[in-house]
Amino acid sequence: MLAKFFKKIFLKKFEYSMSGQDIFALNLIGKNGTYLEVGGFQPKLDSNTYLLETKNNWSGITIEFNKKLKILWKGCKERKNKVYFENALNFNYKKALEENNLPLHLNYLSCDIDPREKTFEALKIIIEEGLSFDFISFEHDDYTGNDSYHNYASDYLMPKGYKMAVTNVFPKNRKNNVYETWFISEKINFEPIEFSEWKNNNL
């Protein structure tokens, strides 16, 4: 009981992402991992990669379309990994990974740009370029519309060697705003779980 309490307090203290994507990545991979972040937004607030890079020595690159955010990234001195302020749909991922001495197989892909159909398009571009991942957090924002981009992503990824790991992911305590699905490589031994249960055990 005491160990579980300590774990919850410890993880809360260092949690920066909206739903614990960083904690899931750390539980899966540990320190010294690699990432590709498509849609970085701010360098620290609600960041899926801040904890990974600054506290756990992960290497990776971020693509962010909004150039107005450059000043925030520049001011965040603890973030050293490369940020590209470019369009994720017209980006040469292989070249960027090579420039940063990163492999084509990375531990984590955070895929989240707006609107959600572009997130799905970016996902397909990345996979078709030959990149692969242990863990993919895909933001489908299904609570905002009738089409299920969760289904689109599942139908696309599962024949390509991925399986669902955590489903019905919601931000913070907004249970009605199911906005993500987390996929992992089918090679990884992990039983699928609902986010609410995973959250209770890990955050």
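Note: the structure precedes this text.
As a starting point, this report considers the structure included with it. (Residues numbered from 1 in each chain as written. Predicted model: local features only at pLDDT ≥ 70, side-chain atom pairs only at ≥ 80, totals over all residues. Heavy atoms only, no water.)

## What to know about the packing of aromatic side chains
According to the stated counting rule, one finds 18 aromatic pairs in the structure shown. The interplanar angle of 50° and the centroid separation of 5.2 Å between the aromatic rings of Phe-24 and Trp-182 together place this pair among those described as tilted. Of this pair, Phe-24 sits in helix 2 (residues 21–29) while Trp-182 sits in strand 7 (residues 180–185), and the two are 158 residues apart along the sequence. For the residue pair Phe-24 and Trp-182, the accessibility class agrees, reading buried in each case. With 4.9 Å between their ring centres and 90° between their planes, Phe-170 and Phe-195 make a pair best called edge-to-face. Of this pair, Phe-170 sits in the loop between strand 6 (162–169) and strand 7 while Phe-195 is found in helix 8 (residues 195–202), placing the two residues 25 residues apart along the sequence. Both residues of the pair, Phe-170 and Phe-195, count as buried. Among the aromatic side chains, those forming a connected cluster through ring pairs are Phe-24, Tyr-108, Phe-135, Phe-170, Trp-182, Phe-190, Phe-195 and Trp-198. If you follow Lys-82 out to its NZ or CZ, it ends over the ring of Tyr-84, 5.2 Å from the centre. (Phe/Tyr/Trp six-rings, centres within 6.5 Å; stacked < 30°, edge-to-face > 60°. Helix = DSSP H or I, 4+ residues; strand = E, 2+ residues; numbered from the N terminus. Buried < 20%, exposed > 50% of the residue type's maximum accessible area, 1.4 Å probe, protein only. Lys NZ or Arg CZ within 6 Å of the ring centre and 35° of its normal.)

## Notes on the sheet that holds strand 4 (residues 105–111)
Across the sheet, which stays open at both edges, the eight strands sit in the order 3-2-1-4-5-7-6-8 with mixed pairing between neighbours. Whereas interior strands pair on both sides, the edge strands pair on one side only; in this sheet they are strand 3 (83–84) and strand 8 (193–194). Pairing of strand 6 with strand 8, which is carried by two bridges, proceeds in the parallel orientation. Within strand 8, the position partnered with Thr-167 by the bridge is Glu-194. The strands touched by helix 6 (residues 116–128) within the sheet are strand 1 (34–38), strand 4, strand 5 (132–139) and strand 6, with strand 5 carrying the most contacts at an inclination of about 170°. (Pairing = 2+ DSSP bridges. Contact = heavy atoms within 4.5 Å. Axes fitted to C-alpha atoms, helices over the stretch in contact; angles between N-to-C directions.)

## A short note on the pattern of salt bridges
Enumeration according to the criterion identifies three salt bridges in this entry. Put simply, Glu-53 and Arg-79 hold a salt bridge, and the shortest N to O gap is 2.8 Å. Highlighted residues: Glu-53 in helix 3 (residues 50–56) and Arg-79 in the loop between helix 4 (70–75) and strand 3, separated in sequence by 26 residues. Each of the two residues, Glu-53 as well as Arg-79, counts as buried. Between Glu-128 and Lys-160 there is a salt bridge whose closest N-O contact spans 3.7 Å. Of this pair, Glu-128 sits in helix 6 while Lys-160 sits in the loop between helix 7 (149–157) and strand 6, and the two are 32 residues apart along the sequence. Among the residues examined, Glu-128 registers a relative accessible area of 55% and is labelled exposed. Its relative accessible area of 39% is what places Lys-160 among the partly exposed residues. (Salt bridge = Lys/Arg side-chain N within 4 Å of Asp/Glu carboxyl O.)

## Side note on helix 7
Looking only at helix 7, the buried set comprises Tyr-149, His-150, Ala-153, Ser-154, Tyr-156 and Leu-157. The buried residues of helix 7 all sit within an arc of 165° when viewed along its axis, so they share a single face. (Arc of directions from axis to C-beta.)

## Looking at the nonpolar core
Core analysis: the largest hydrophobic core is formed by 31 residues, its most contacted members being Leu-36, Leu-123 and Phe-133. Secondary structure elements with two or more residues in this core: strand 1, strand 2 (59–63), helix 5 (93–99), strand 4, helix 6, strand 5 and helix 7. The element best represented in this core is helix 6, accounting for five residues. (Core = buried A, V, L, I, M, F, W, Y, C linked by side-chain atoms within 4.5 Å.)

## Thoughts on the layout of surface pockets
Quantified by volume, the largest pocket comes out at close to 590 Å³. Gly-39, Glu-64, Asp-112, Ile-113 and Asp-114 are the residues nearest the centre of the largest pocket, which is lined by 28 residues in total. Looking at the lining of the largest pocket residue by residue, the class counts come to 10 nonpolar, nine polar and nine charged. (1 Å grid on protein atoms, 1.4 Å probe; cavity = no way out; pocket = protein on both sides within 12 Å on 5 of 7 lines; lining within 4 Å. Points joined across faces, edges and corners; volume = space filled by probe spheres on them. Nonpolar A, V, L, I, M, F, W, Y, C, P; charged D, E, K, R; others polar.)

## A look at the side chain of Ser-47
Tracing the chain through its elements places Ser-47 in the loop between strand 1 and helix 3. Taking the relative accessible area as the measure of exposure, Ser-47 reaches 0% and is therefore buried. Of note is the side chain of Ser-47, whose polar atom sits 3.3 Å from the side chain of Arg-79. Those residues in contact with Ser-47 that sit more than four places away from it in its chain are Tyr-16, Ser-17, Asp-22, Glu-37, Gln-42 and Arg-79. (Polar contact = N/O pair within 3.5 Å; in protein donor to acceptor, adjacent residues only side chain to side chain.)

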